[in-house]
Amino acid sequence: MHKKRVFSGVQPTGNLHLGNYLGAIKNFVELQNKFECVYCIVDLHAITNRQDPKELKSNVLETVASFVASGLNSEKNIIFNQASVAAHSELAWIFNCVARIGWMNRMTQFKEKAGANKENASVGLMVYPNLMAADILLYKATHVPVGEDQKQHLELTRDIAKKFNNDFNCDNYFPIVEPLISKEIPRVMSLRDGKKKMSKSEDSDMSRINLKDDKDLIEQKIKKAKTDNDSIPSEVNGLKNRDEAINLISIYASINNIKLEQVFKEFGGKNFSTFKSKLSESIIEKICPIGDEMKKLLKDSKYLHDILKKGSKNAGLIAKINLKEIYEIIGLTKFS
Ligand code: AQP
């Protein structure tokens, strides 16, 4: 039996949004009372696409600020950045040698992110899931809270763990991780197109609610959010083929910690304008205090650096022990 441990990461690529919050960070906060948790700002993942060096540094601090402002306790959890612990890259190389090219070719995120110009994408973008597996398995994490978009990568992490355990005859060495995905809203969709996920890199800022948006902007974005001509249904069947309606109703349920049925009870038969003003209120109530706190924390970079230094030291201690074991299993020797 493996000790229960949570690991998850967020890329410091700016524009942290409601999808990152409801899909991941909100769950990080809930899990901190039940598990030992390791939360990572995955800056090595961020550079799979070109990043401005100055912005990358400030986005790392912004991501730590978003964690703390959302309620993560930096004393209780390990909060650190990936680049501080070199063992992530070392284990990722080992996993590059365990994972199969055919497995990589099946990854839908690579296909989406590389787009039509696949030949010109970085090799890093293609082997991104192997680094993600290394992040998780370096800490022998058992549970990983993520949005549904990461489910396929977690399946790959499980395949890598199984193959490693089997190839090196070390039954049960790496745990087979469990994804923890929100039931209310596995994937927050764009406010402009209910078929696309809410994303940092989408050109239109109107497609997402950023954690640092103010009250007026949130109201404006929700008012303009795409819907259809029908009213809010009284049961789930009434949401068939209504992607935008499902999205807004699910956001309302998730942000208020209630079940979809309760939303149908409250709003069934009502029009979207009534619903949208309540939705804005709920988002403003939850998100604006986080954004305000982030802005306050970002004025104290020493405080944020101290969190990262302490977290990196603690993460490094676990990583060092585990990587030593892994080298031993494989037959690699460090003479230095
Ligand atoms: N729309 C979403 N709905 C639910 N969960 C989401 N996550 C991201 N978008 C949504 C979850 O947030 C965590 C951190 O994500 P990330 O920043 O590391 O990676 P990402 O998926 O690449 O984020 P974006 O916003 O989608 O960036 P771009 O635009 O670069 O593609 C993860 O747990 C993720 O599932």
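In case you missed it, the structure is sitting above this.
First, a word on scope: everything that follows refers to the structure included in this document. (Residues numbered from 1 in each chain as written. Predicted model: local features only at pLDDT ≥ 70, side-chain atom pairs only at ≥ 80, totals over all residues. Heavy atoms only, no water.)

## Structural notes on empty space enclosed by the protein
Where empty space is left can be seen by rolling a probe of water-molecule size over the atoms.
Logical step 1: Considering all chains together, one arrives at 1 cavity of 30 Å³ or more under this definition.
Logical step 2: Considered as a void within the structure, the largest cavity measures approximately 50 Å³ in volume.
Logical step 3: As for the largest cavity, its lining consists of Gln109, Phe110, Lys113, Leu125, Tyr128, Pro129 and His153.
Logical step 4: Mapped by element, the contributors of at least two residues to the lining of the largest cavity are α6 (108-114) and α7 (123-137). (1 Å grid on protein atoms, 1.4 Å probe; cavity = no way out; pocket = protein on both sides within 12 Å on 5 of 7 lines; lining within 4 Å. Points joined across faces, edges and corners; volume = space filled by probe spheres on them. Helix = DSSP H or I, 4+ residues; strand = E, 2+ residues; numbered from the N terminus.)

## Quick look at the pairing of strand β2 (residues 36-41)
Logical step 1: Extensive coverage of β2 is indicated by the burial of 5 of its 6 residues.
Logical step 2: A crossover connection joins strand β1 (residues 5-10) to the parallel β2 through helix α1 (residues 18-31); in handedness this β-α-β unit is right-handed. (Buried < 20%, exposed > 50% of the residue type's maximum accessible area, 1.4 Å probe, protein only. Right-handed = clockwise from strand over helix to strand, strands pointing away.)

## Side note on the side chain of Asn165
Logical step 1: Among the structural elements, Asn165 can be located in helix α8 (residues 151-167).
Logical step 2: Residue class for Asn165 comes out buried when judged on its relative accessible area of 8%.
Logical step 3: The residues touching Asn165, leaving out its near neighbours within four places in the chain, are Cys170, Asp171, Asn172, Tyr173, Phe174 and Ile176. (Contact = heavy atoms within 4.5 Å.)

## Topic: the packing of aromatic side chains
Logical step 1: One pass over the structure, following the stated rule, counts 15 aromatic pairs.
Logical step 2: Where Phe164 meets Tyr173, the ring centres are 6.4 Å apart and the plane angle is 40 degrees; that geometry is what we call tilted.
Logical step 3: For Phe164, a relative accessible area of 0% gives the class buried.
Logical step 4: Of the residues examined, Tyr173 reaches a relative accessible area of 12% and is grouped as buried.
Logical step 5: Put simply, the rings of Phe95, Phe164, Phe168, Tyr173 and Phe174 pair up and form one aromatic cluster.
Logical step 6: Between Lys334 and the ring centre of Tyr327, over which it is positioned, the NZ or CZ distance is 5.1 Å. (Phe/Tyr/Trp six-rings, centres within 6.5 Å; stacked < 30°, edge-to-face > 60°. Lys NZ or Arg CZ within 6 Å of the ring centre and 35° of its normal.)

## Some thoughts on the pattern of salt bridges
Logical step 1: This structure, assessed with the given rule, holds 22 salt bridges.
Logical step 2: Where Lys334 meets Glu90, a salt bridge forms, and the shortest distance between an N and an O atom there is 3.0 Å. Of this pair, Lys334 sits in the segment after α13 (301-330) while Glu90 sits in helix α4 (residues 87-98), and the two are 244 residues apart along the sequence.
Logical step 3: Notably, a salt bridge pairs Arg187 with Glu148, separated by 3.3 Å at the nearest N-O pair. Of this pair, Arg187 sits in the loop between β5 (178-180) and α9 (215-224) while Glu148 sits in the loop between β4 (143-145) and α8, and the two are 39 residues apart along the sequence.
Logical step 4: Of the residues examined, Glu148 reaches a relative accessible area of 31% and is grouped as partly exposed. (Salt bridge = Lys/Arg side-chain N within 4 Å of Asp/Glu carboxyl O.)

## Here we look at the site of the ligand
Logical step 1: Lining the immediate environment of the ligand, one finds 21 residues, of which Asp149, Lys197, Ser199, Lys200 and Ser201 sit closest.
Logical step 2: Between the ligand and the protein, one listed contact pairs an oxygen atom with a side-chain N or O atom of Lys113 at 3.0 Å.
Logical step 3: One of the side-chain nitrogen or oxygen atoms of Ser199 is found 2.4 Å away from an oxygen atom of the ligand.
Logical step 4: Expressed as a share of its isolated accessible area of 650 Å², the protein-covered part of the ligand is 95%. (Near = heavy atom within 4 Å. Polar contact = N/O pair within 3.5 Å; in protein donor to acceptor, adjacent residues only side chain to side chain. Areas by Shrake-Rupley, 256 points an atom, 1.4 Å probe, with all protein chains shown as cover.)

## Overview of α8
Logical step 1: Counted at 1.5 Å a residue, the expected span for α8 with its 17 residues is 24 Å, and the 24 Å between its end C-alpha atoms agrees.
Logical step 2: Within α8, burial applies to His153, Leu154, Leu156, Thr157, Ile160, Ala161, Phe164 and Asn165.
Logical step 3: One or two steps after α8, the chain reaches Asn169, where phi turns positive at roughly 55 degrees. (Expected span 1.5 Å × (residues − 1).)

These results come straight from atomic positions and should not be treated as a statement about function.
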